[in-house]
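Analysis of the macromolecular model
Each chain, written out:
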Amino acid sequence: MGFEELLDKVGGFGPFQLRNVALLALPRVLLPMHFLLPIFLAAVPAHRCALPGAPDNFSNQDAWLEAHLPREPDGRLSSCLRFTHPQALPNSTLWEGGQNPGEQPEGEPSTVPCPQGWEYNHSEFSSTIATEWDLVCEQKGLNKATSTFFFAGVLVGAVVYGYLSDRFGRRRLLLVAYVSSLVLSLASAASVSYIMFVITRTLTGMALAGFTIIVMPLELEWLDVRHRTVAGVLSSTFWTGGVMLLALIGYLIRDWRWLLLTVTLPCAPGILTLWWVPESARWLLTQGRVEEAHRYLLHCARLNGQPAGEDSLSREALNKVAAAERMVRRPSYLDLFRTPRLRYISLCCMVVWFGVNFSYYGVSLDVSGLGLNVYLTQLVFGAVELPSKLLVYLSVRHAGRRLTMAGTLLGAALALGFRLLVSPEMKSWSTALAVMGKAFSEAAFTTAYLFTSELYPTVLRSHQRKRVADNAGRSSSWLRSELQAPHSVEASQPGPSSRPLYWPRPRLGPEPLRAESAAACQPADRNLDPLHLGNADDFYFQQLSGTSGQERRL
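Keep in mind it's a predicted model, so treat the numbers as computed, not measured.

**Things to note about the overall build of the protein chain**
- When helices and strands are counted, the protein chain shows 24 helices and four strands.
- Counting every position in the protein chain, which comprises 554 residues, the buried fraction comes to 56%.
- For the protein chain, the computed accessible surface area is about 22,900 Å², with 62% contributed by carbon and sulfur atoms.

Quick look at the structure:
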C-alpha cells in the first residue's frame, strides 16, 4: 500500500483539506503585497531642483522656473539640472526689486546638477524611498537596485528553504519564514540609511521565499490527485486578494514606512495559526516518525468523516508505507536531469516559468505606464485575475493542462504584442490590451503550478517545483525588477530620463510566445498521455533503482 492509497482511506479532499487551505491562505495574501510593493514603495514622484530664494510675493511661478531650469528636448523642464545663473526672460518683471539674473562667466558650464537637493510633488505619495534618500537623477540606479537585491534574496532563499524543508519539515520552516519575515520587515521599515534598507530588504526576500517554497507542497501532500486542480485554483485566489488589498492599503497609506509596516504585521497572527497547521504526513513517514503521522492521519479521518479502521491505520501498515517511502533515496538536483526525458521536461519547465513570470511581473509592475491613476489601475489588475482563474478551472477540466498552458501564454503574447503596435495617443486601446495581457498572464501563472508538477513522478514532484520551477520563476522576477520594476511609476512621466525604462517592454510579447512553444512541446497531461503518474513513477524507478514503482509499492 502506497501513501496515495492511505490518503484515500482517510479522505483525500474534505473539511480537513479545506481547513488546511484556509490556514495557509495568509502567506498567499502577503506574498503579492511584498513582491509588488515597489509600485508604491519605490515610486518616484515629479521632482525638480530645489530653488531657494524665491520672492515671497512672486506669483508667476512658471516664469521663475523658466529662468532657473533648462528645458529637455521634449519641452519639459529638467528634473535633474538647473542653470548656473538665472536666465533673463523677455517681457518679465522677475528681476524687479534688486534680483538680477547675473552673467555667465566664460568657461563655466551653463547648467549644473541640483546642488541643494530636490523638491518633490507630494500630492500622490507623501514619502517613498526615492524621496527619503534622494534616489533620483544620477542616483536612480540605487532605487532600482533595491528590488534587484530583494529578488536576489528570494532566489537564494528558495534554494535554502527547499533544502531545509526537506530536512527539517515544512511546518517548522514555515514558522521560521513567518518570524524572520516579521523581524526583517520591521527592521526595513525602521531603516535609518539606504545601506541598512537594502541589506534588510534582501534578507526579507530570503525569508519570504519560504512561503513560496513551503505552502504549496504542504497543501498538495494532503490532497488526492483528483482534487488538486480545484484546490490549486482556490488557493490562488488568495494571491489575487493580496493584489487587490495592496491597492487599497497603498491608497490609504502614502508613507513608505507605515506602508511596509502595514503589509508586514499580519505575520504576527500568522504565527499563531501554525498551531492548527498539520505537518505533512508523507514527510513524517519518510523520516520514520510513524507515531506523529498516525496522529495526523487519524485527525484527518475524523474531520473528513471517514471510518478508517485499525487495520488501514495500524502501526504495522504505516511502517510498511514508511519503509516503502524510504526505499527511494532522497532526490537531488541531478535527478531532474538524470534521464533524457527528465532533462527535456526540466529544461522546458524553466522556459515556461521564465515566460510566465516575465509577462506577469512585466505587466503588474508597469501599472503607471498606462497613464492612469496608479491605485485604480492596481485594483483593476487585481480584479481581472478572478475571471482568469475561472477560465483556468473550466479549461483544465475540458481541454487539459497542456492546451490551457499553451493557450493562455499565446493569449498573453498576442495581447502584449499588439499593445506595442498601438499609438501612445490611443490610451483606451492600450489599457484594454494591457488588461487582457494581465488576465492571460495570470491564467498562465495559475496553470503553470498545476501543469508542471504533474509532469514529474511523485517522488520528484515537490522537489521539482521547489528547485527548478520556483527558482526559474524567481530568477525571471529578479530580472524584471532589475530592468523595469523599481521605476514603473517614474516611467509614466515622459521624457529622456524615463525613456530607457521602456526598452524591456518589447520583450513582453516574445517571452510568453517562447514559453508557449515550450509548453506545447511538453508531454500531455495525465488524462491524455501514457505519462500517467503511475507510469512516470515506474519509469523513474526503473531508471534509478532497477525496480518498478509497482514492485516498490508491493
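There is more to say after this.
**Brief notes about the UniProt feature "transmembrane region" (unreviewed entry) in the protein chain**
- Under the present numbering, the feature "transmembrane region" (unreviewed entry) in UniProt falls on residues 145-164, 176-197, 203-223, 230-252, 258-277, 344-363, 375-396 and 403-422.
- In this annotation, residues 145-164 is assigned 100% helix and 0% strand; the end-to-end C-alpha distance for the span is 28 Å.
- Secondary structure within residues 176-197 divides into 82% helix and 0% strand; the distance between the first and last C-alpha atoms comes to 21 Å.

**So, the state of the cysteines**
- Scanning the entire structure with this criterion turns up one disulfide.
- What pairs with Cys-80 in a disulfide is Cys-137, and their sulfur atoms sit 2.0 Å apart. A torsion of -90° about the S-S bond marks the disulfide between Cys-80 and Cys-137 as left-handed. Remark: Cys-137 occurs in the loop between helix H6 (129-132) and helix H7 (140-168) and Cys-80 occurs in the loop between helix H5 (61-68) and strand E2 (81-83); sequence separation between them is 57 residues. Here Cys-80 and Cys-137 have matching classes, each one buried.

**So, the packing of aromatic side chains**
- Counted under the stated rule, the structure contains 20 aromatic pairs.
- Judged by centre distance (5.9 Å) and plane angle (45°), the ring pair of Trp-133 and Phe-197 falls under tilted. With a gap of 64 residues between them, Trp-133 in the loop between H6 and H7 and Phe-197 in helix H9 (residues 194-220) connect regions that are remote in the sequence.
- Residues Phe-150 and Phe-151 carry aromatic rings whose centres are separated by 5.2 Å and whose planes lie at 80° to one another, so their mutual orientation is edge-to-face.
- What makes Phe-150 buried here is its relative accessible area of 3%.
- You can call Phe-151 buried: its relative accessible area is 1%.
- The ring centre of Tyr-296 lies 5.6 Å from the NZ or CZ of Arg-295, which sits over that ring.

**Some details on the nonpolar core**
- Counting 93 residues, the largest nonpolar core has Leu-174 and Met-405 as its most contacted members.
- Considering every element that reaches this core, the biggest residue donor is H9, with 13 residues.
- For this core, the domains that each give at least three residues are domain 1 (1-32 + 140-327) and domain 2 (335-475).
- Grouped together as the second largest cluster of nonpolar side chains are 20 residues, Leu-7, Phe-16, Trp-222 and Leu-285 included.

**Examining the environment of Leu-450**
- Tracing the chain through its elements places Leu-450 in helix H20 (residues 427-453).
- Linking Leu-450 and Thr-229, residues 221 residues apart in sequence, is a C-alpha distance of 6.5 Å.
- In contact with Leu-450, not counting residues within four places along its chain, are Arg-228, Thr-229, Gly-232, Val-233, Val-392 and Arg-401.

**Points about the pattern of salt bridges**
- All chains considered together, the criterion is met by nine salt bridges.
- Two residues, Arg-170 and Asp-166, come together in a salt bridge whose shortest N-O distance is 2.9 Å. Both residues of the pair, Arg-170 and Asp-166, belong to the buried class.
- Residue Glu-292 pairs with Arg-289 through a salt bridge whose shortest N-O separation is 2.8 Å.
- When its relative accessible area of 27% is taken as the criterion, Arg-289 is described as partly exposed.
- Connected through shared salt-bridge partners, Asp-166, Arg-170 and Glu-221 make up one network.

**Overview of H7**
- Counted at 1.5 Å a residue, the expected span for H7 with its 29 residues is 42 Å, and the 42 Å between its end C-alpha atoms agrees.
- Once H7 ends, the next one or two residues include Gly-169, with phi positive near 105°.

**Description of the side chain of Ser-430**
- Mapping Ser-430 onto the fold places it in helix H20.
- Among the residues examined, Ser-430 registers a relative accessible area of 16% and is labelled buried.
- Reaching out from Ser-430, the side chain makes a polar contact with the side chain of Arg-419 at a distance of 3.2 Å.

**Some thoughts on the environment of Val-230**
- Here Val-230 shows up in helix H10 (residues 228-252).
- Residues Val-230 and Val-392 lie 162 residues apart in sequence; the distance between their C-alpha atoms is 9.8 Å.
- Once residues lying within four places of it in the same chain are set aside, the contact partners of Val-230 are Phe-13 and Tyr-393.

**Focus: a nonpolar patch on the surface**
- Nonpolar side chains collect at one region of the surface, where Leu-410, Leu-414, Phe-418, Leu-420, Leu-421 and Leu-513 lie side by side and expose about 570 Å² of accessible area between them.
- No other element matches helix H19 (residues 401-421), which puts five residues into the nonpolar patch.
- Its place among the elements puts Phe-418 in helix H19.

**What about helix H14 (residues 290-304)?**
- Its 15 residues give H14 an end-to-end C-alpha distance of 21 Å, which sits within 8% of 21 Å, the value for a rise of 1.5 Å per residue.
- Buried within H14 are the following residues: Val-290, Ala-293, His-294, Tyr-296, Leu-297, Cys-300, Ala-301 and Asn-304.
- Positive phi appears at Gly-305, one or two residues downstream of H14, with a value of about 70°.

**Brief notes about unusual backbone geometry**
- A positive phi angle, near 50°, is found at Asp-134, a position not held by glycine.
- Within the secondary structure layout, Asp-134 lies in the loop between H6 and H7.
- A positive phi angle is found at Cys-137, which is not glycine, with a value near 55°.
- Its relative accessible area of 10% is what places Cys-137 among the buried residues.

**A closer look at the confidence of the model for the protein chain**
- Across the protein chain, pLDDT averages 76, with 73% of residues at or above 70.
- Note on residues 526-554: pLDDT under 50 across the span, and 59 contacts to partners over four residues away in sequence or across chains.

**Side note on the packing of helix H8 (residues 170-189) against H9**
- Their axes nearest at 8 Å, the elements H8 and H9 cross at an angle of 155°. Judged by the inter-axis angle, H8 sits roughly antiparallel to H9. For the pair H8 and H9, the crossing hand works out as left-handed.

**Things to note about the packing of helix H16 (residues 340-364) against H19**
- Contact geometry for H16 and H19: axes closest at 11 Å, N-to-C directions at 40°. Taken together, H16 and H19 sit at an angle that is classed as oblique. Where H16 crosses over H19, the handedness of that crossing is left-handed. Of H19, the residues touching H16 (which contributes Val-352, Val-356, Ser-359 and Val-363) are Met-405, Leu-409 and Leu-416.
- Across the contact of H16 with H19, the residue classes tally to six nonpolar, one polar and no charged.

Scoring rules and cut-offs
Residues numbered from 1 in each chain as written. Predicted model: local features only at pLDDT ≥ 70, side-chain atom pairs only at ≥ 80, totals over all residues. Heavy atoms only, no water. Helix = DSSP H or I, 4+ residues; strand = E, 2+ residues; numbered from the N terminus. Buried < 20%, exposed > 50% of the residue type's maximum accessible area, 1.4 Å probe, protein only. Areas by Shrake-Rupley, 256 points an atom, 1.4 Å probe, with all protein chains shown as cover. UniProt positions renumbered as here; feature names shortened; annotations may be inferred. Disulfide = S-S within 2.5 Å. Phe/Tyr/Trp six-rings, centres within 6.5 Å; stacked < 30°, edge-to-face > 60°. Lys NZ or Arg CZ within 6 Å of the ring centre and 35° of its normal. Core = buried A, V, L, I, M, F, W, Y, C linked by side-chain atoms within 4.5 Å. Domains from an automatic or database assignment. Contact = heavy atoms within 4.5 Å. Salt bridge = Lys/Arg side-chain N within 4 Å of Asp/Glu carboxyl O. Expected span 1.5 Å × (residues − 1). Polar contact = N/O pair within 3.5 Å; in protein donor to acceptor, adjacent residues only side chain to side chain. Patch = residues over 30% accessible without salt bridge, like charges linked within 9 Å, V, L, I, M, F, W, Y side chains within 5 Å. pLDDT = per-residue confidence, 0-100. Axes fitted to C-alpha atoms, helices over the stretch in contact; angles between N-to-C directions. Parallel < 35°, antiparallel > 145°, perpendicular 65-115°, else oblique. Left-handed = near helix turned anticlockwise from the far one by under 90°. Nonpolar A, V, L, I, M, F, W, Y, C, P; charged D, E, K, R; others polar.

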